[in-house]
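# Chain and residue survey
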Amino acid sequence: KTLNDEISEQDEVINKLNKEKKHIAETQAKSNEDLVAAEEKVSHLNSIKSKLESTLDELEGALDKEKRSRGNLEKERRKVEGELKMAQESVADLERVKREIENSISRKEGDVSALSSKLDDEQSLVAKMQKNIKELQGRVEEMEEELEAERQARAKAERQRSDLAREIEQLGERLEEAGGATHA
């Protein structure tokens, strides 16, 4: 083998190694891309897992709430059923009382009819009495007018008496003065 052949072989080996190196670099680059993609996928899946766990927690919370709500509704239903039963008993009692009252009303209507007839008689008597009262009131008014006239006359006589008493007193004083003047 000549040196050139040797160099030629070495060049081929170098070219082959360079190709392999390039191929390895490409493979490594692709592997790196795959790794990045896989990491992104893992990150995305972790995010989904976290969301699903959160959703699961919410659903479990909602389920607990629903169970509590159902329990409360059941309690409420039993309570309402109890109240309904009591209300039905009350209605039965009220209907019985209503029948008793209706019977009582029927009896009272008979009483009212009898009293109404008696009332008519009493009203005609009252009308007669009212007529008598009006006549008496007329007479009372006349007497009051006479009494007022008499009061006024008495008041006038009282004033005249008072005036006369004053005049007599004045005359008495003048008389005394006149008597005193004659003594002096």
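Up top is the structure.
Throughout what follows, the structure given in this document is the object of discussion. (Residues numbered from 1 in each chain as written. Predicted model: local features only at pLDDT ≥ 70, side-chain atom pairs only at ≥ 80, totals over all residues. Heavy atoms only, no water.)

Before going further, it helps to spend a moment on the pattern of salt bridges. Considering all chains together, one arrives at eleven salt bridges under this definition. Among the salt bridges present, the one from Glu-102 reaches Lys-98, with a minimum N-O distance of 3.7 Å. Of this pair, Glu-102 and Lys-98 both sit in helix H1 (residues 3-183), four residues apart, which is roughly one turn of the helix. By relative accessible area, which is 42% here, Glu-102 ends up partly exposed. Among the ionic pairs, Glu-148 bridges to Arg-151, the shortest N-O distance being 3.3 Å. With Glu-148 and Arg-151 both in helix H1 and three residues apart, the pair spans about one turn of that helix. A network of salt bridges, in which partner residues are shared, links Glu-74, Arg-77, Arg-78 and Glu-81. (Salt bridge = Lys/Arg side-chain N within 4 Å of Asp/Glu carboxyl O. Helix = DSSP H or I, 4+ residues; strand = E, 2+ residues; numbered from the N terminus. Buried < 20%, exposed > 50% of the residue type's maximum accessible area, 1.4 Å probe, protein only.)

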